[in-house]
Structure formats: structure tokens, C-alpha cells
Amino acid sequence: MTDSSPEFRPPAPSKPAADVPLEFDVVLRGYDRRQVLTLLETLQRSVDDPAAPGTVTPREARDRAAFDLVLRGFDRAQVDAAFERLMESLTAVRGEETGAAPEGEGRAELPVAEFDRVLRGYDPIATAELVDAGAEALRALRGGESDAAAARAAAAALRDRRDALPRTLRGSDRQQVDSAVDAICAELESGPDDPDGTRGSGA
């Protein structure tokens, strides 16, 4: 059959799919579930009807994609994959380049980690709460909500909490936890960035 045959119908232009399933595994430490669903549902609406009230552009979506890490949150890898699929669809609809967000904007990586389970390690729940507290202190420092003195005080409190972590039979690897907490405290103790973008001395 050729394109000139009476039966031939040119394919209709395909619309980018917005029906990405918003179902994710719940893990010990993942993205805040409410924040994830709010943004991804907004992305879906933005693909389906870009002119509707409350829709977002690709750049606006990237700016909002700084999900908090919480206990019993959505699996981060699954959420990231769904977010990127929706961003591709939104870019096709809006005709905008998503690109990588400028340095310092968008989803900032914080020095948090998953830890191996070992015999006689730190209690996993207490460890997760401690590292989340450190991540929150870093957000405050990076966002200008705390000064050098407050950041140093937060670092001292984190070290005290780390030293008091209970041990369990099957807990988080203590060496890995210690390294993660030390990395968080080192940034807190270095103080806020100077106006030229360099890290201050914290003095």
C-alpha cells in the first residue's frame, strides 16, 4: 500500500504522554511524599493543558524540585526517573529547553547517604534522624537562614548526637555514618559562602 492509496491516513501528531504513574516505593529515607505528588501532579496538568491556571514551565519545575529527605519517603531513584520523563514531555509541549539548572539552583545534593547494615552498628532510625537534621542545617546555611555561629553550633550538636547514637545488633555501619556526619559538620563549620562564591572561614 502506498501513501496515495485511498485507505492511507497520515498518522495524527502524537501528544507527549503525561500519564506517568505516580506510584513509588516507600523507603526508610526518601523524598517527602506530599511534595513529590504536588509537583508531579502539577507537571502532568502542565503537559495536558499548558494554558490552564497553576501550570509550570520547565524552568519553574526544576526550581521547585528540591524535595526534602524524610523518614518513610518515596524512593528517590523512582521519583527522579518519573520527574525526568514528565520534564521531557513538558519540554516538548512548551518548546523550551530544560537544560541543567545553573550552579547553586534547583535540586542541591546534600552529603547524605544510605548505610550498610552490620553487626553492632548504629541504630538505623536514630541514624536517619541525625543525618536528616544535618541536611536541614545545611539547607539553612546554604539558603542564608543561619549564620556562621549558628552553623557551628549545629555542627557541635550533631557531633554530640552522633557520639550518643545507640548500637543495635543489625545497625548502620558506624564508619560510614561517622564519615557522613563529619562531612556535614565540616561544611557547617566552614561557614556561609562569601559574596564571591567562595566558602568563608567560619570565624
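It should be noted that the structure appears before, not after, this text.
So, here is what we can say about the structure in this document. (Residues numbered from 1 in each chain as written. Predicted model: local features only at pLDDT ≥ 70, side-chain atom pairs only at ≥ 80, totals over all residues. Heavy atoms only, no water.)

**Some thoughts on the overall build of the protein**
Next up, step 1: Summing up its helical and strand segments, the protein has six helices and four strands in all.
Next up, step 2: Walking the protein from its N terminus toward its C terminus, one meets helices and strands in the order β-α-α-β-α-β-α-α-β-α.
Next up, step 3: Scored against the burial criterion, the 203 residues of the protein give a buried share of 38%.
Next up, step 4: Summarising the internal contacts of the protein: among those between residues at least 6 apart in sequence, 79% fall at separations of at least 24.
Next up, step 5: Accessible surface for the protein amounts to roughly 11,500 Å². Of this, 50% is attributable to carbon and sulfur atoms. (Helix = DSSP H or I, 4+ residues; strand = E, 2+ residues; numbered from the N terminus. Buried < 20%, exposed > 50% of the residue type's maximum accessible area, 1.4 Å probe, protein only. Contact = heavy atoms within 4.5 Å. Areas by Shrake-Rupley, 256 points an atom, 1.4 Å probe, with all protein chains shown as cover.)

**Digging into the packing of helix α5 (residues 148–163) against helix α6 (residues 174–190)**
Next up, step 1: Axis separation between α5 and α6 bottoms out at 8 Å; the angle between their running directions is 165°. The orientation of α5 with respect to α6, classified from their angle, is roughly antiparallel. Classified by chirality, the crossing of α6 by α5 is left-handed. In this structure, α5 uses A151, R152, A154, A155, L158, R159 and R162 to contact α6, whose residues at the interface are D178, V181, D182, I184, C185, A186, L188 and E189.
Next up, step 2: A class-by-class count of the residues in the contact of α5 with α6 yields nine nonpolar, no polar and six charged. (Axes fitted to C-alpha atoms, helices over the stretch in contact; angles between N-to-C directions. Parallel < 35°, antiparallel > 145°, perpendicular 65-115°, else oblique. Left-handed = near helix turned anticlockwise from the far one by under 90°. Nonpolar A, V, L, I, M, F, W, Y, C, P; charged D, E, K, R; others polar.)

**Description of unusual backbone geometry**
Next up, step 1: Phi at R72 is positive, roughly 60°, even though this residue is not glycine.
Next up, step 2: Relative to the elements of secondary structure, R72 occurs in strand β2 (residues 69–74).
Next up, step 3: Positive phi outside glycine occurs at R120, with the angle close to 55°.

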